[in-house]
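# Understanding the architecture of this molecule
One letter stands for each residue in the lines below.
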Amino acid sequence: MSASLNTATTAAAQDPACAEPLAVLGRDVTVPLVTGGEVTYAALDYAASAPALQRVWDDVAAYAPYYGSVHRGAGYLSQLSTDLFEQSRVTVAEFLDCRPGDQVVFTRSTTDSLNLLAAVLPADCQVFVFETEHHASLLPWTSAQVTYLNAPRTPAEAVATLERALADREPYGPALVCVTGASNVTGELWPVKELAAAAHAHGARIVLDAAQLAPHHPVSVRDLDVDWVAFSGHKLYAPFGSGVLAGRADWLQEAEPYLAGGGASRKVSRREDGGVDVEWHTTAARHEAGSPNVIGVYSIASACRALTEAGFDNLVAREQQLVTRVREGLAEVPAVRVLSLFGEDAPRVGVISFVVDGWNSSHFAAALSAEYGIGVRDGLFCAHPLVRTLLGSEPQAQGECGAPEAAPGERSLNAIRVSFGAGTPDEHVERFVRAVKELVADGAKWQYRTEDGRCVPAV
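Calculation rules
- Residues numbered from 1 in each chain as written.
- Predicted model: local features only at pLDDT ≥ 70, side-chain atom pairs only at ≥ 80, totals over all residues.
- Heavy atoms only, no water.
- Core = buried A, V, L, I, M, F, W, Y, C linked by side-chain atoms within 4.5 Å.
- Buried < 20%, exposed > 50% of the residue type's maximum accessible area, 1.4 Å probe, protein only.
- Helix = DSSP H or I, 4+ residues; strand = E, 2+ residues; numbered from the N terminus.
- Contact = heavy atoms within 4.5 Å.
- Pairing = 2+ DSSP bridges.
- Axes fitted to C-alpha atoms, helices over the stretch in contact; angles between N-to-C directions.

Moving on, we come to the nonpolar core. The biggest cluster of nonpolar side chains holds 84 residues, and the ones touching the most others in it are V92, L96, L162, W190, L208, F231 and V244. Here the element with the most residues in this core is helix α9 (residues 294-310); it accounts for nine residues. When residues no more than four places from it in sequence are discounted, the contact partners of F231 are V92, L96, S109, T110, A210, A211, A214, L236, G243, V244 and I300. In this structure, L322, A335, V429 and F432 belong to the second largest nonpolar core, which totals 33 residues.

Shown next, in the form of structure tokens:
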């Protein structure tokens with residue numbers, strides 16, 4: 001095995017006419033039904049964690065016997081692992097179409113990436129973020145002056161709202177805008193390029209939360225003209241707990257390391273007064289202290305290669321067919337209301353949230369799982385302000401089970417989210433649409449109860 005580490009497999013370009021899903025782990029897993037028998041599990045919770053691509057798993061398995069410490073050893077396996085780790089950085093930069101001089105920092109997740117960026121903000125930096133963000137991009141800015149912007153109802157309104165806020169800021173100093181690329185609640189695409197232009201026109205920088213965008217669409221840092229982009233491996237068909245923060249190097253180089261320790265330090269020496277002097281790296285290593293997650297990093301690089309070779313045009317076209325099928329199927333059920341911020345015609349990825357009249361969403365999701373073998377998500381999806389805005393004061397039936405987010409004495413407020421992507425078979429989507437129609441028409445076949453805050457089948 002050479003130091004360049006050939007990949008275990010080569011993904012064939014996908015033919016749009018075939019419309020075949022990419023091979024993922026778990027596609028043949030069967031689960032028991034409370035009504036008897038077993039069924040192949042329909043994983044429709046991609047927005048939380050997508051299944052690993054078979055390609056990624058094979059690549060990691062091929063590397064695993066050669067695993068060694070990164071940047072820490074003179075032995076062959078350490079050299080091989082270091083080469084693979086740094087080549088993965090190049091692969092991710094190419095996947096994101098980064099600019100010359102941009103840095104790719106490996107983190108644990110999107111949340112970790114945005115907390116890292118929050119830690120390196122210059123003094124007196126103001127942050128502007130829409131209330132519609134996932135908590136990963138809504139909450140990290142505790143050390144800055146934060147302006148939370150109201151939920152816009154059109155892409156144009158989003159741009160206008162940001163422009164007004166930036167123009168009115170006092171004092172006029174460093175500023176950062178944080179925006180999602182695709183909503184983890186509605187799947188709707190945000191006008192990132194226009195928001196970036198507005199930010200730069202007012203002397204601000206912008207970071208793109210691409211956690212829900214990168215698995216579904218190509219992301220070009222250069223074309224979108226964003227200053228940074230953050231995403232997670234586990235949503236990009238790459239498990240093992242790694243993430244990425246990529247973009248401009250200056251704020252990263254000028255700030256103290258996100259974590260202090262080995263790897264981030266270039267030189268450490270004792271002072272005469274008994275203390276220590278530290279010279280930190282100015283490369284991405286400055287914020288990668290400790291032994292890095294080389295397997296997680298390599299899995300991200302493998303997923304980037306696999307998606308690129310499959311062809312995003314083909315992947316997007318097939319996913320849009322699934323989106324259309326789900327939306328048309330749900331539209332045939334009067335009791336179902338799909339949640340939307342920008343309206344029915346807004347472009348979106350394979351993430352759709354909805355509520356069902358007469359059902360508590362937790363109860364409905366539990367029935368989909370127990371009676372149909374379909375895994376979806378219910379709740380507020382770590383985007384509480386957005387979901388509450390979309391649901392407003394709409395009452396939710398209590399049903400047999402309450403929502404886990406409802407505190408004692410509070411009205412239940414939650415929704416159901418179905419999400420899918422490059423590995424979703426047509427049959428899973430068809431089964432989901434059929435199950436929704438049957439549950440609404442006939443009700444659940446089983447009794448359910450609340451246990452530890454979750455709705456579960458009654459024994």
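This next bit is on the sheet that holds strand β14 (residues 351-356). In space, the four strands of this open sheet follow the order β13-β14-β17-β16, with antiparallel pairing throughout. Both edges of this open sheet fall to β13 (336-338) and β16 (377-379), since each of them pairs with a single strand only. Sheet twist, expressed as the mean angle between neighbouring strand axes with direction ignored, is 30°. By the bridge criterion, four bridges tie β14 to strand β17 (residues 415-419) in an arrangement that is antiparallel. Pairing of I352 across the sheet is with V418, part of β17. Taken strand by strand, helix α10 (residues 312-331) contacts β13, β14 and β17, and its axis lies near 10° from that of β14.

Moving on to unusual backbone geometry. A cis amide bond links E170 with the next residue in sequence, P171, at an omega value of -10°. By secondary structure assignment, the location of P171 is in the loop between α5 (155-167) and β7 (175-180). One non-glycine residue, D225, lies in the positive phi region at around 60°. Under the relative-accessibility criterion, D225 is labelled partly exposed at 37%. Of note in the backbone geometry, Y237 takes a positive phi value of approximately 70° without being a glycine. Note on placement: Y237 falls in the loop between β9 (228-232) and β10 (243-247). Judged by its relative accessible area of 0%, Y237 is buried.

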